[in-house]
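Spelled out, the chains give:
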Amino acid sequence: HGKLYTIMKITNRKQLQDLPLHIRSQIPDDILPSERHSKSGDMLKPQRVLYHKVLDVYPDARWNYRPIPHRKLELDIALPEYKIGIEVDGWQFHGKHLSSHFKDREKQNLLVIHGWAILRFTMKHLQDLDTCVHTIQQAVRMRENTHASH
């Protein structure tokens, strides 16, 4: 019995995000549009490692997720079911220039207004991925407890 293969052209990250997890997980990392077209390619490797660690615990986690329709802002990693966004901040792209710093704060404020909780990790935090995942799990538990009490 032969396997049935579907060939599809993925031209943007949104199309990739919308694929079922069992298909997304089979796409090699080196061909993902988010990596080939990113301005901050060197930032992506640590983020990707955290993303895969998060996927182990939360299979519906999303990479470069756009949580607000008709807005271009993206979360590095998202748990849409819990409205938790995870951002990996590096000095080079998130703090070196005042305009980037300002945009990051504006983005976070908009996400909070839309009901998202944002967790921020630095490259130093990523040296201990288990602690990062534990922090994410604590945030999920808090969100679950908050929703259960309403």
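Residues numbered from 1 in each chain as written. Predicted model: local features only at pLDDT ≥ 70, side-chain atom pairs only at ≥ 80, totals over all residues. Heavy atoms only, no water.

### What to know about the overall build of the protein chain
Then comes step 1: Broken down by element type, the protein chain carries seven helices and four strands.
Then comes step 2: Secondary structure elements of the protein chain occur, N-terminal to C-terminal, as α-α-α-α-β-β-β-α-α-β-α.
Then comes step 3: Looking at the protein chain alone, contacts between residues at least 24 apart form 55% of all its contacts between residues at least 6 apart. (Helix = DSSP H or I, 4+ residues; strand = E, 2+ residues; numbered from the N terminus. Contact = heavy atoms within 4.5 Å.)

### Digging into the sheet that holds strand β4 (residues 117-122)
Then comes step 1: If you walk across this open sheet you meet the four strands as β1-β2-β3-β4, and the pairing is mixed. Single-partner strands in this sheet number two, and they are β1 (62-65) and β4. Mean inter-strand twist for the sheet, computed between neighbouring axes without regard to direction, equals 35 degrees.
Then comes step 2: In this sheet, strand β3 (residues 84-89) lies alongside strand β2 (residues 75-79) in antiparallel orientation, the contact comprising three bridges. Residue A78 lies in a different strand from β3, and its bridge partner there is G85.
Then comes step 3: Across the face of the sheet, helix α7 (residues 129-148) comes into contact with β2, β3 and β4 while running at roughly 170 degrees to β4. (Pairing = 2+ DSSP bridges. Axes fitted to C-alpha atoms, helices over the stretch in contact; angles between N-to-C directions.)

### Section: the confidence of the model for the protein chain
Then comes step 1: In the predicted model, the protein chain carries a mean pLDDT of 79, and 65% of its residues have values of at least 70.
Then comes step 2: Taken element by element, the predicted model of the protein chain shows its lowest mean pLDDT in helix α3 (residues 33-36) (42) and its highest in β2 (96).
Then comes step 3: Long-range and interchain partners of residues 30-43, a stretch whose pLDDT sits below 50, account for 28 contacts in this model, where long-range means more than four residues apart. (pLDDT = per-residue confidence, 0-100.)

### Section: the environment of P59
Then comes step 1: Along the chain, the position of P59 falls in the loop between α4 (41-57) and β1.
Then comes step 2: Judged by relative accessible area, P59 falls into the partly exposed class, the value being 42%.
Then comes step 3: The sequence separation of P59 and L79 amounts to 20 residues, and the corresponding C-alpha distance is 9.3 Å. (Buried < 20%, exposed > 50% of the residue type's maximum accessible area, 1.4 Å probe, protein only.)

### Structural notes on α7
Then comes step 1: If you check α7, its first and last C-alpha atoms are 28 Å apart, about what 20 residues at 1.5 Å a residue would give, namely 28 Å.
Then comes step 2: The complete set of buried residues in α7 reads L129, C132, V133, I136, A139, V140 and R143. Seen from one end, α7 has its buried residues packed into an arc of 115 degrees, which puts them on one side. Residues of α7 that are exposed and angled more than 90 degrees away from the buried face: D130, M142, N145 and A148. (Expected span 1.5 Å × (residues − 1). Arc of directions from axis to C-beta.)

### Let's talk about the pairing of β3
Then comes step 1: In terms of residue burial, β3 counts as a mostly covered element, since six of its six residues are buried.
Then comes step 2: A two-sided burial pattern is seen for β3, the buried positions comprising I84, I86 and V88 on one face and G85, E87 and D89 on the other.
Then comes step 3: Taking the residues that link successive antiparallel strands as the turn, the β2-β3 hairpin has four residues, and the phi of K83 there is positive, at about 55 degrees.
Then comes step 4: Relative to β4, β3 is paired through six bridges, and the arrangement is parallel. Bridging from a neighbouring strand, G85 pairs with I118 of β4.

### As for the packing of aromatic side chains
Then comes step 1: Within the structure shown, the criterion is met by three aromatic pairs.
Then comes step 2: The interplanar angle of 50 degrees and the centroid separation of 5.4 Å between the aromatic rings of Y51 and W63 together place this pair among those described as tilted. Separated by 12 residues along the polypeptide, Y51 in helix α4 and W63 in strand β1 bring together distant segments of the chain.
Then comes step 3: Judged by relative accessible area, Y51 falls into the buried class, the value being 5%.
Then comes step 4: Judged by relative accessible area, W63 falls into the buried class, the value being 6%.
Then comes step 5: When the ring centre of W63 is taken as origin, the NZ or CZ atom of R48, which lies over that ring, is 4.2 Å away. (Phe/Tyr/Trp six-rings, centres within 6.5 Å; stacked < 30°, edge-to-face > 60°. Lys NZ or Arg CZ within 6 Å of the ring centre and 35° of its normal.)

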